[in-house]
Amino acid sequence: MTKEEIRNYCDRLTQFDTPTISNALECFSDFKRGTGFMDYTIKPVVSCTTTYVGPVATAKIATEFPATPEEQAKMMPYYQHVKDMGPGCIVVQQDMDLKPVGSFWGEVNATQHLALGCQGVVTSGGVRDLKEVSGLGFGYFAKEVVVSHAHTHVVDFACKVTVGGLELEPGDIIACDIHGIIRIPVEYLPDMERACRNIALAELPVLEPCRRAIMNGETVEIEDLKKWREGMAKARENSKIR
Ligand SMILES: O=C([O-])CC(=O)C(=O)O
Ligand SMILES: [Mg+2]
């Protein structure tokens, strides 16, 4: 798949939320249910009304102690890595301090990353400048909000990282929204839009009669629920991609 093809597939998926994307992944027989997403420690810290979907650029950062000269020299090559991942990429940063101390992220870095084509960050560290960044449309997913940048620096980049319990490497595809962050296996991309659509439709056998009953001020019978839920299970079964 070319970078452009990947970008187009990712753009098509921004119409769905991450729970729909999560259900759609279950349409692939080799997908291991209950895996491939970050844990509850990583959440959007500014208002998030969209789904960010894109390839990952990675870095390990630290802020508690000053950078060594070798670490200092990694800053510009890190930015080059972000630019090289191409428009629409999402930075995933693993904070190497024992607990988040300072913030790599603020108005300057968010604006600068936007200008490099990056659409957001997911970090196990801290972020700040919330007021300024909330106006940028930049995805801001983090473990903590902190006040200082302390000794912020890049330790490594274009490397494997583990954030929110999920291991990622550069080029992996993730989707991020108010619910959290989930990985989409790149080989699923061409079929994901269809899978999302089908899996959303599969809920209608329950949703439609329940909505009708709510509108009419009625309650539904358990026998009917059972039938409708069987209909949903069958529709989900029929949504299998392979
Ligand atoms: O100063 C820093 O390193 C972090 C920050 O607030 C910004 O990027 O605006
Ligand atoms: Mg700042």
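Please read these numbers as outputs of a predicted model, since none were measured by experiment. (Residues numbered from 1 in each chain as written. Chains lettered and ligands numbered in written order. Predicted model: local features only at pLDDT ≥ 70, side-chain atom pairs only at ≥ 80, totals over all residues. Heavy atoms only, no water.)

## Side note on the packing of helix α8 (residues 204–215) against helix α9 (residues 222–238)
Applied cut-off: Helix axes use the C-alpha atoms of the stretch in contact, all axes being lines fitted to C-alpha atoms, and the angles between their N-to-C directions lie in the range 0 to 180 degrees. Elements are defined by DSSP. Helices are runs of H or I of four residues or more, strands are runs of E of two residues or more, and each kind is numbered from the N terminus. Contacts are assigned to residue pairs that have any heavy atoms within 4.5 Å of one another. Just so you know the grouping, Ala, Val, Leu, Ile, Met, Phe, Trp, Tyr, Cys and Pro go in nonpolar, Asp, Glu, Lys and Arg go in charged, and all remaining residues, Gly too, go in polar.
Where α8 contacts α9, the two axes come as close as 7 Å, and the packing angle between them is 145°. Contact residues: α8 offers Pro205, Val206, Pro209 and Cys210, while α9 offers Leu225, Trp228, Arg229, Gly231 and Met232. Across the contact of α8 with α9, the residue classes tally to 7 nonpolar, 1 polar and 1 charged.

## A word on the site of ligand 1
Using the following cut-off: Each residue is tested against the molecule or strand, and it is near if at least one of its non-hydrogen atoms lies within 4 Å. Contacts described as polar in this section are N or O atom pairs within 3.5 Å, which, within protein, must combine one atom able to donate a hydrogen with one able to accept it, while residues neighboring in sequence count only if both atoms come from side chains. For the accessible areas, the method is Shrake-Rupley and the probe is 1.4 Å, while residue cover comes only from the protein chains on display.
The immediate surroundings of ligand 1 are formed by Ser103, Phe104, Trp105, Gly106, Glu107, Val108, Asn109, Arg128, Asp129, His149 and Thr152. The separation between an oxygen atom of ligand 1 and a polar main-chain atom of Asn109 is 2.9 Å. One of the side-chain N or O atoms of His149 is found 2.7 Å from an oxygen atom in ligand 1. In the complex, 86% of the free accessible area of ligand 1, which totals 270 Å², lies under the protein chains.

## Section: helix α1 (residues 3–13)
Worth spelling out the cut-off: Here the term buried applies to any residue with accessible area under 20% of the maximum for its type, exposed to any over 50%, and partly exposed to those in between, with areas from a 1.4 Å probe on protein chains only. Working note: the arc is built from the helix axis to C-beta atom directions.
Along α1, the residues that are buried comprise Ile6, Cys10 and Leu13. For α1, the angular spread of the buried residues around the axis is 55°, confining them to a single face. Looking at the buried positions of α1, the neighbouring elements they touch are α2 (18–25), β2 (52–62), β10 (173–177), β11 (180–184) and α7 (189–201).

## Some points on the domain arrangement of the chain
Here is the rule we go by: For every domain, the bounds stem from an assignment made automatically or drawn from a database.
The domain architecture assigned to the chain consists of domain 1 (3–189) and domain 2 (202–238). The straight-line distance from the C-alpha centre of domain 1 to that of domain 2 is 38 Å.

## Here's the deal with unusual backbone geometry
One non-glycine residue, Asp129, lies in positive phi territory at about 60°. With respect to the helices, strands and loops of the structure, Asp129 is situated in the loop between β5 (120–127) and α6 (130–134). Its identity is not glycine, yet Ala158 carries a phi of approximately 55°, on the positive side. Structurally, Ala158 is set in the loop between β7 (153–157) and β8 (161–163). For Ala158, a relative accessible area of 39% corresponds to the partly exposed category.

## Points about the pattern of salt bridges
Side chains that differ in sign of charge can pair as their charged atoms come close. Spelled out, the test is: Here, a salt bridge means any Lys or Arg side-chain nitrogen found within 4 Å of an Asp or Glu carboxyl oxygen.
A full pass over the atoms with the stated rule returns 9 salt bridges. Of the charged contacts in the structure, one is a salt bridge between Lys227 and Asp224, with a shortest N-O distance of 3.3 Å. In this pair, Lys227 and Asp224 both sit in helix α9, 3 residues apart, roughly one turn of the helix. Between Lys226 and Glu230 there is a salt bridge, and its shortest N-O distance comes to 3.6 Å. A residue pair is termed a helical-turn pair when its members lie 3 or 4 positions apart in one helix, as Lys226 and Glu230 do in helix α9 at 4 residues. Overlapping salt bridges bring together Arg12, Glu193 and Arg197 as one network.

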